[in-house]
Amino acid sequence: MKLTTAQTAQNIAGFIVFGNGKHDKERITAPIAEKLNHHKTILAPQKTSALGLRKSIETAAELINRFAKDTIIIIDREHLKNQNIHNILKEYFPQIKIITQTNNLLQLQVTRGPKTAKLHIAIMGNHQTPKIEANIATLIKQTLNINIQPQKNTIKQTLRKHNLTIQDLIKTTNINKLEKAFQNIITALKNLNNPPSQK
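Peer 1: Go over the overall build of the protein chain, please, and point to the residues and values.
Peer 2: Along the protein chain, the regular secondary structure elements total seven helices and seven strands. When the helices and strands of the protein chain are read in sequence order from the N terminus, they spell out β-β-α-β-α-β-α-β-β-β-α-α-α-α. Against the 2.2 N^0.38 benchmark of 16 Å for 199 residues, the protein chain shows a C-alpha radius of gyration of 16 Å, consistent with a compact globule. Each principal axis of the C-alpha distribution contributes one length, and for the protein chain these read about 55 × 40 × 35 Å. Put simply, the protein chain has 199 residues, and 47% of those count as buried. Approximately 10,400 Å² of the protein chain is accessible, and the part contributed by carbon and sulfur atoms is 44%. Of the charged side chains in the protein chain, 29 are positive and 12 negative; the average position of the first set lies 3 Å away from that of the second.

Dropping the structure here:
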């Protein structure tokens, strides 16, 4: 699976929007996508930094309205504080069907104008640390067997001590261990452009 920013990309499976900014694309999502064993291309058209929750949903709605392509939003849990995500979704999508809802992943079938597609919202972090650093700390525990505080400086120091970057760690880690840290992103990527299961 390839993640690209090329606006001329052909036959894309869908789009991805980064509520936390493009660094999550470069450091984390792109190397995870490369680990998945199928031939899909995802377009990340975002040129700005962090969008936050409402702007991410608005951007996803515009993409779905124009292209009727599945879209993924990756966003830190901290952006959901004091926000009702379902109410915001209703402002942009007249019809919403919940496919899957867990603590860190929301998968929907949505309609915007005449267009219908799936919207996947991967929520990073946990209630103690509502940022993607919590997921990175889990990955370090899985791969290096080190318990660290989920803080940027601690993560940087730990990786530097082992002469690694987060990209290196992801590229050299098997998918089972990656899923323990980034289950929501991997599930969203795997389900991109697949029909929802019939229940």
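Peer 1: A description of the nonpolar core should follow, citing residues and the corresponding values.
Peer 2: In a soluble, globular protein the nonpolar side chains are often hidden away together inside. Ile28, Phe182, Ile185 and Leu189 are the most contacted members of the largest nonpolar core, which has 36 residues in total. Contributing elements (two or more residues each) for this core: strand S2 (14-18), helix H1 (23-35), strand S4 (70-76), strand S7 (115-124), helix H4 (133-144), helix H5 (152-161), helix H6 (166-171) and helix H7 (175-191). Contacts of Leu189, omitting those with residues within four sequence positions, involve Met1, Ile32, Ala33, Leu36, His38, Ile42 and Ile72.

Peer 1: If you had to explain the sheet that holds S7 to someone new, which residues and values would you point to?
Peer 2: Strands in a sheet are paired, the pairing made by backbone hydrogen bonds, and the direction either parallel or antiparallel. Strand order in this open sheet of seven strands is S1-S3-S2-S4-S7-S6-S5, and the pairing throughout is mixed. A single partner strand is all that each edge strand has here, and the edge strands are strand S1 (2-4) and strand S5 (95-101). Going across the sheet, the axis of each strand differs from the next one's by a mean of 25°, ignoring polarity. Here S2 runs beside strand S3 (residues 41-43); their pairing, made up of two bridges, is parallel. Bridge pairing in S3 links Gly14 to Ile42. Each of S1, S2 and S4 is contacted by H1, which is oriented at about 130° to S2, the strand it contacts most. Here helix H3 (residues 85-92) sits on the sheet in contact with S5, strand S6 (105-112) and S7, set at roughly 20° to S6.

Peer 1: Quick rundown of the pairing of S6? Include the residues and the values.
Peer 2: For S6, the buried fraction is high: six of the eight residues fall into the buried class. Hairpin geometry of S5 and S6 is characterised by an intervening segment of three residues between the two adjacent antiparallel strands. As paired strands, S6 and S7 are joined by eight bridges and run antiparallel to one another. Pairing of Leu108 across the sheet is with Leu119, part of S7.

Basis of the calculations
- Residues numbered from 1 in each chain as written.
- Predicted model: local features only at pLDDT ≥ 70, side-chain atom pairs only at ≥ 80, totals over all residues.
- Heavy atoms only, no water.
- Helix = DSSP H or I, 4+ residues; strand = E, 2+ residues; numbered from the N terminus.
- Rg over C-alpha atoms; globule rule 2.2 N^0.38 Å.
- Buried < 20%, exposed > 50% of the residue type's maximum accessible area, 1.4 Å probe, protein only.
- Areas by Shrake-Rupley, 256 points an atom, 1.4 Å probe, with all protein chains shown as cover.
- Lys, Arg positive; Asp, Glu negative; His and termini not counted.
- Charge placed at Lys NZ, Arg CZ, Asp CG, Glu CD.
- Core = buried A, V, L, I, M, F, W, Y, C linked by side-chain atoms within 4.5 Å.
- Contact = heavy atoms within 4.5 Å.
- Pairing = 2+ DSSP bridges.
- Axes fitted to C-alpha atoms, helices over the stretch in contact; angles between N-to-C directions.

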